[in-house]
Amino acid sequence: MKPFWAPSRSTRAAARTPRGYRAYAVGDIHGRLDLLDVMLAQVECDLADDPPRRALLLFLGDIIDRGPASCQVIERLRTYRHSNLRTVFLMGNHEEVLLRLLAGERGILDSWLKFGGAECLESYGIDPTSIRSMQEGEALAAIKEAVPESHRDFIAGFADTLRFGDYLFVHAGIRPAIDVSMQSQADLRWIRQPFLDDERDHGFVVVHGHTISEEVVERPNRIGIDTGAYRTGILTALVLEGEERRVLSAMAPDGTEPGPN
C-alpha cells in the first residue's frame, strides 16, 4: 500500500504566529522520500483548500541518514519550489556530521556509518563495506567525490533557528535560561537534557525534532514533532496559524523497514 496522510488534529493555544502567516514545520525525514512526497502533496492541498496571506514551509533538520533515500531527499528539497510557500531549512546534527566529513574531519566516520551514514552512502551509489575497508583519508576522499557540490552547498546554507511570533523553531532544543543569541550550535543541534524535562517559561514555545516520540509531545514550553519517520513510517508536520495548532501525518501503513536505533 502506498503512503497516505492522516486527517489533521486541531487545538488552540495562547502562543501566536505573526498576523497573516501560516507555518508548516516538518519533523525529521531521515531519508524517507516516500513520506516526504506525501507530506508535500498534503501541504499543497491544504494551501489550495484554505490559502493564507503568507505561508512558511520549514524543515527542522535531519533530512538525511538512516532511511534509504538521503540523496534523493536532498535533491527533492533543493529543487522544490511553490509559488505560495517560502521554504526554510534548519541544521540537524546529521547534516552537521556530513558537512564535517566532507570538510575532511577525521575520527567521526565510524560513528556516522553506525548511526545512519551507511544508508546515506548507499543512496549515493557507494557500498559502505568498501568505505569501511579503506584507509580513513581514502574513505573521506571517496565520500567527498560522491556527494555533489550542489548538495553540500545546499546543506551548508541551513540555519540554526527561526523565531516566528511566539514560537522558536530549532532542530534539537535550547539550553534553558540562556538567551537564544548565546546558545551554542552544539546544543541547538544535539541537546536532549536538561531541555526536555525543563518546565520553565523560555519566553516562547520551542518547536523541535531530534528526540523521537510515538506522537507529538505538546508541553507549555515546547512541542516535539519527531515521530521517527525512518523506523515508524510516520512523518509529522505541525501547522501553526494565529493561535491554532494542527498536526498533519504522512504514513506508510506497511512496507516500513526499521532503521538503526
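Residues numbered from 1 in each chain as written. Predicted model: local features only at pLDDT ≥ 70, side-chain atom pairs only at ≥ 80, totals over all residues. Heavy atoms only, no water.

Caption draft 1: Just the overall build of the protein, in detail. When helices and strands are counted, the protein shows nine helices and eleven strands. Taken over C-alpha atoms, the radius of gyration comes to 18 Å for the protein, in line with the 18 Å a tight globule of 261 residues would show. With respect to the three principal axes, the spread of C-alpha positions in the protein is 55 × 45 × 30 Å. Within the protein, buried positions represent 54% of all 261 residues. Pairs at least 24 residues apart make up 69% of the contacts formed inside the protein by residues separated by at least 6 positions. (Helix = DSSP H or I, 4+ residues; strand = E, 2+ residues; numbered from the N terminus. Rg over C-alpha atoms; globule rule 2.2 N^0.38 Å. Buried < 20%, exposed > 50% of the residue type's maximum accessible area, 1.4 Å probe, protein only. Contact = heavy atoms within 4.5 Å.)

Caption draft 2: Representation of the sheet that holds strand β9 (residues 222-224) within the structure. One open sheet holds the five strands; their spatial order is β5-β6-β7-β9-β8, and the pairing between them is mixed. The open sheet has two edge strands with one neighbour each: β5 (161-164) and β8 (217-218). Across two bridges, the pairing between β8 and β9 is antiparallel. In the strand pairing of β9, Glu218 is matched with Ile223. (Pairing = 2+ DSSP bridges.)

Caption draft 3: Just the side chain of Glu95, in detail. Tracing the backbone through its elements, the reader meets Glu95 in helix α3 (residues 93-102). An unpaired buried charge is present at Glu95: no salt bridge exists, and Arg189, the closest side chain of opposite charge, is 7.9 Å distant. Side-chain polar atoms of Glu95 contact the backbone nitrogen of Gly92, separated by 2.8 Å. When near neighbours in sequence (up to four residues on either side) are disregarded, Glu95 contacts Gly61, Asp62, Ile63, Ile64, Leu90, Ile155 and Phe158. (Lys, Arg positive; Asp, Glu negative; His and termini not counted. Salt bridge = Lys/Arg side-chain N within 4 Å of Asp/Glu carboxyl O. Polar contact = N/O pair within 3.5 Å; in protein donor to acceptor, adjacent residues only side chain to side chain.)

Caption draft 4: Structural context of helix α7 (residues 149-156). Listing the buried residues of α7 in full gives His151, Phe154 and Ile155. Projected down its long axis, α7 shows its buried positions confined to an angular sector of 95 degrees, all on one face. Lining the buried residues of α7 we find α2 (70-78), β4 (86-89) and α3. (Arc of directions from axis to C-beta.)

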